[in-house]
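The residues making up each chain are set out below.
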Protein chains: 2
Amino acid sequence: MSETAPTHPFLESHRETLDAATTALRERSYYSRYPESPSPRVYGETAPQDGQAAHEAVLNKAFDALADQPTTGAAVGSEVSPYGPTLGVTYPQLDVDAAVEAAQAAIPAWRDAGAEVRAGVLTEVVERINKRSHEMAHAVMHTSGQPFVMSFQAGGPHAQDRALEAIVVALEEQRRIPASVTWEKPAKGDPIRMQKDYRIVPRGVALVIGCNTFPTWNAYPGIFASLATGNPVIVKPHPRAVLPLALTVAIARDVFAEAGFDKALIQLAAEDDGGTVARDLALHPGIKIIDYTGGPGFGHWLETEAANAGKLVYTEKAGLNTVVVDSTDDLRGMLGNLAFSFSLYSGQMCTAPQNVYVPATGVDTDQGHLSAEDFAGKLGEAITKFNADDARAVEILGATVNDDVRGRATDIPALASQLGGDVVLDSRAVTHPSYPDAVVRTPALISVDAGNGRAYTQECFGPVAFVIQTQDTAESLRRLTETVQEHGAMTAAVYSTDEEVLEATREAAADAGVALSENLTGQIFVNQTAAFSDFHGTGANPAANAAYADAAFVAGRFRVITSRRHV
Amino acid sequence: MSETAPTHPFLESHRETLDAATTALRERSYYSRYPESPSPRVYGETAPQDGQAAHEAVLNKAFDALADQPTTGAAVGSEVSPYGPTLGVTYPQLDVDAAVEAAQAAIPAWRDAGAEVRAGVLTEVVERINKRSHEMAHAVMHTSGQPFVMSFQAGGPHAQDRALEAIVVALEEQRRIPASVTWEKPAKGDPIRMQKDYRIVPRGVALVIGCNTFPTWNAYPGIFASLATGNPVIVKPHPRAVLPLALTVAIARDVFAEAGFDKALIQLAAEDDGGTVARDLALHPGIKIIDYTGGPGFGHWLETEAANAGKLVYTEKAGLNTVVVDSTDDLRGMLGNLAFSFSLYSGQMCTAPQNVYVPATGVDTDQGHLSAEDFAGKLGEAITKFNADDARAVEILGATVNDDVRGRATDIPALASQLGGDVVLDSRAVTHPSYPDAVVRTPALISVDAGNGRAYTQECFGPVAFVIQTQDTAESLRRLTETVQEHGAMTAAVYSTDEEVLEATREAAADAGVALSENLTGQIFVNQTAAFSDFHGTGANPAANAAYADAAFVAGRFRVITSRRHV
């Protein structure tokens, strides 16, 4: 950086954080800026109660913190907690054209502040969001249906870490471009000298379309990557998960104003269930970048039609997350780990395993050889045991998020029969001790033959998994590659004691374009990824065209404009 | 890099070159690996004759160096030099499906060699191409119509520098991903330790579609960026400019075989004039990346239809390259510089200026105030003087490349009348002393009023430029921004002695998304960019969706697949 590099108080106060995060990113080592424990010892003695009170204070009224956005005058809001209560929050309906214009007007000052200042200001945004993690946890819980601790962690610090990751990935990429250089070409006589100034310019106004299940975690990478590269953002939350992003946008707007920038750098486009704002904004000529998390149907539409209209589109959709079981030297650890992965948030994570391939020849374990049927039975027992206590189970399972998921889990025997499979373990309805209206379901297991591709080659979002019998592990790996190449996957896992099998699985995963977790038996789970170290998604299979957060996720969001002159 | 990082003799022999190029890239300082002077003192006493002999040896026969490609059995080839002679080279017609399969089979070994080895092997390819620069110059001259020295420079060393640039931009981006790390998360008791291996995987087979005017310079960035990131390449040259890329592909295949890799990493899909191979390959399911240089029509089709089909598409099309004239303290230098820019290769560069905005209030110069009309007249005189001597002029003008260009230059009074403008300077037919059949044309100047947008808001490829009278420089800048945002531009230039005007022009260029050259009066020209320092294109306006070579040009060409396990 030259001596005249622009700075800002928020850059000065967060320089150490940015440096630490940058180092972690380069090394892909363990790093977490935001503590994942909701303990009062970490977040302050009164943080839990304060958070709950703050949450309750926004319910059943207009969300005034966004009253200064351009609005049509109408109010929207139809959120109902998967745990039962109606939220009753109403949001000002965004005037989309005015919002795009306001966002465009916010560009020059934000662009000219430079990458370092943007990173500093955005880190302040994340720090402020972090301070409200307990309040955010309630907002995430009562929109997504996640259990409380998961809502805190995934909706709070883990999402905040991903936000900081996006900021530093973008910063690193922009740092590669010097602000100004003297270029000196040897020539006869004096060399030719030119000054070249490089200016990073944003692509334009960005749209981030949020999802119902991870309103913050899945939206933050796109929001912060676009902002960090100079693009204003319009956030279009899922109609049933507005509140977490409304809080986020309100916090960010306050920071922008305090930092001397235009609040219009971020705006919220809330809508009622069934609205068309996502589609309308996606085709709005002022929108240049789109980040999307959600179902494959609209995701594919964005990848084709919106991309066709010249937008840069990043999607995370869904796929067939796969586990290959070959052998293990820790049966108990493996079953416990898988039971957790299936149960966490009732399989409603885009990373939750769905398809478990088991060879017909059975599975060698430290507790002896198991037939494929016995293995399936033991996996079912592990899930049953894991969720045996209702009061504890609901703190893992959370609540089913919508009627689609509920419908799938309600009649497992009918589903199995329709798919041509057998019920290994039925789903069990769990009564939530605090929220009797919540629909809570334990995972079901259905066994099918590998030849019955129809049964398991579509995503079955929610608490249903398949044990798929293959001839042998070689067929399991072949199916892994083929199904993921065709249908996509966010995650893959393998259990084997055979180094050759592990190596073959790495090859299969590389060919399929999916990240692989090997022999997880402890407290790391296939459905969880760590910011700064693990990529979420790969962009190499149909489940997602992007990864959180690699260079490809940020590099297209800005351009470099050179001006050169003789000196 | 870990101690076990794979290496290769070609990596060892080119490590210093890669280091020097990487440093230049980071600093964006002057760097050229390949000398631009065709002098025998640089390339060897017999290089000119050897190159000419080598060129003549391939004419009028089958191009055997590619005989080992998968072929349909048919031969294609219809190249005729813009200087007159029929080349008579025939090429084996590629069996497209077999070629895609062969390319796919070449992926694993190339992928697993790693980024550093790929960079080493590819640098060897460029070094070998460099050694044949004289031969390449003849091939480029007799396909593009460029004059000889330009063919040598732009088709040889300058293209080779851009190739090396693409290699190191890709290398730098891949180096950000460590091969393997130990990740250690603090926990109660022992920390959780995992080994995480990161594997860079290519997107798939890439297609590079070449153009007629710069067969190597415009194709090398895509070819080498794709190869450097692990993707095999099928090169589809323009039917009238096959030979330079046939030589390139043959050289690369030899190097790949010698280096222990599959020759199918690069293949040539030559076709006769009027063929549909580009379109067929673009929609082939095996093709994952497309690089294109050429007309806006097919470019737009690729950006929409091929992108719609899931391909990653990089285009360089065309636009309205713009010069804003406000004032100057070196009229003579300015006119000479502009005369050269218009004349070089008869305006057939995608970077050649087309639209010159001049205020109706006239231009202050070191030779006094000039009215807008007087300025146009002086510019015409400078062009006339610059091209006064036929024998010297042809060495700058080259030959017109096709009938489309020729048609436009043949009857300038008719064109001016059709567009509602006035002829300032007619185009002059120049007889080439060595090639009487070449159609050589000096640039024409047509003056129009700024209100007559129809006249100058379409690309007029070839030796025609417009002097456009605006009310004042403010209008000139407004027109610059508006026309470039709507129609695109590869270059922009400004002449002004007023720092405020220069600053306003920088703003206008940033808003328009086009690189700016200020007050060029010497031996640097708006239509030329230097590898490692200047970006060619910006990706920020409709002329091109990519730039040679920024991070966005390479980051999407590869993906990272993680495998992780406890240690």
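Since the model is a prediction, treat every value here as computed from it, not as a measurement.

Comments concerning the nonpolar core
One recurring pattern in soluble globular proteins is that nonpolar side chains are buried together.
Residues and elements named next belong to chain A.
Here is step 1 of the chain: Within the largest apolar cluster, 95 residues are counted, with the highest numbers of intra-cluster contacts made by Tyr91, Ile223, Phe224, Phe256 and Leu268.
Here is step 2 of the chain: The greatest single-element share of this core, amounting to 11 residues, is contributed by helix 4 (residues 96-131).
Here is step 3 of the chain: The contacts of Phe224, once residues within four sequence positions are left out, are Leu122, Val125, Val126, Ile129, Ala163, Ala166 and Ile167.

Some thoughts on the confidence of the model for chain A
Here is step 1 of the chain: Per-residue pLDDT for chain A averages 96, and the proportion of residues at 70 or more is 99%.
Here is step 2 of the chain: For this predicted complex, the interface confidence score (ipTM) comes to 0.96, while the overall pTM stands at 0.97.

With respect to empty space enclosed by the protein
Here is step 1 of the chain: Across all of its chains, the model carries nine cavities of 30 Å³ or more by this definition.
Here is step 2 of the chain: Considered as a void within the structure, the largest cavity measures approximately 170 Å³ in volume.
Here is step 3 of the chain: Forming the boundary of the largest cavity are 17 residues, of which Arg176 and Ile177 of chain A together with Arg28, Asp550 and Ala551 of chain B lie nearest the centre.
Here is step 4 of the chain: Secondary structure elements with two or more residues in the lining of the largest cavity: strand 21 (558-566) of chain A together with helix 1 (9-27), helix 7 (157-175) and helix 20 (551-555) of chain B.
Here is step 5 of the chain: Broken down by element, the lining of the largest cavity gets its largest block of residues, three residues, from strand 21 of chain A.
Here is step 6 of the chain: In terms of residue class, the lining of the largest cavity is made up of 10 nonpolar, no polar and seven charged.

A word on unusual backbone geometry
All names here are of chain A.
Here is step 1 of the chain: Looking along the chain, the bond that leaves Tyr548 and enters Ala549 is cis, with omega of -20°.
Here is step 2 of the chain: By the element assignment, Ala549 lies in the loop between strand 20 (516-518) and helix 20 (551-555).
Here is step 3 of the chain: Of note in the backbone geometry, Asn519 takes a positive phi value of approximately 50° without being a glycine.
Here is step 4 of the chain: Its location among the elements puts Asn519 in the loop between strand 20 and helix 20.
Here is step 5 of the chain: Of note in this structure, Phe532 is not a glycine but carries a positive phi near 75°.
Here is step 6 of the chain: Tracing the sequence through the fold places Phe532 in the loop between strand 20 and helix 20.
Here is step 7 of the chain: Judged by relative accessible area, Phe532 falls into the buried class, the value being 0%.

Calculation rules
Residues numbered from 1 in each chain as written. Chains lettered and ligands numbered in written order. Predicted model: local features only at pLDDT ≥ 70, side-chain atom pairs only at ≥ 80, totals over all residues. Heavy atoms only, no water. Core = buried A, V, L, I, M, F, W, Y, C linked by side-chain atoms within 4.5 Å. Buried < 20%, exposed > 50% of the residue type's maximum accessible area, 1.4 Å probe, protein only. Helix = DSSP H or I, 4+ residues; strand = E, 2+ residues; numbered from the N terminus. Contact = heavy atoms within 4.5 Å. pLDDT = per-residue confidence, 0-100. 1 Å grid on protein atoms, 1.4 Å probe; cavity = no way out; pocket = protein on both sides within 12 Å on 5 of 7 lines; lining within 4 Å. Points joined across faces, edges and corners; volume = space filled by probe spheres on them. Nonpolar A, V, L, I, M, F, W, Y, C, P; charged D, E, K, R; others polar.

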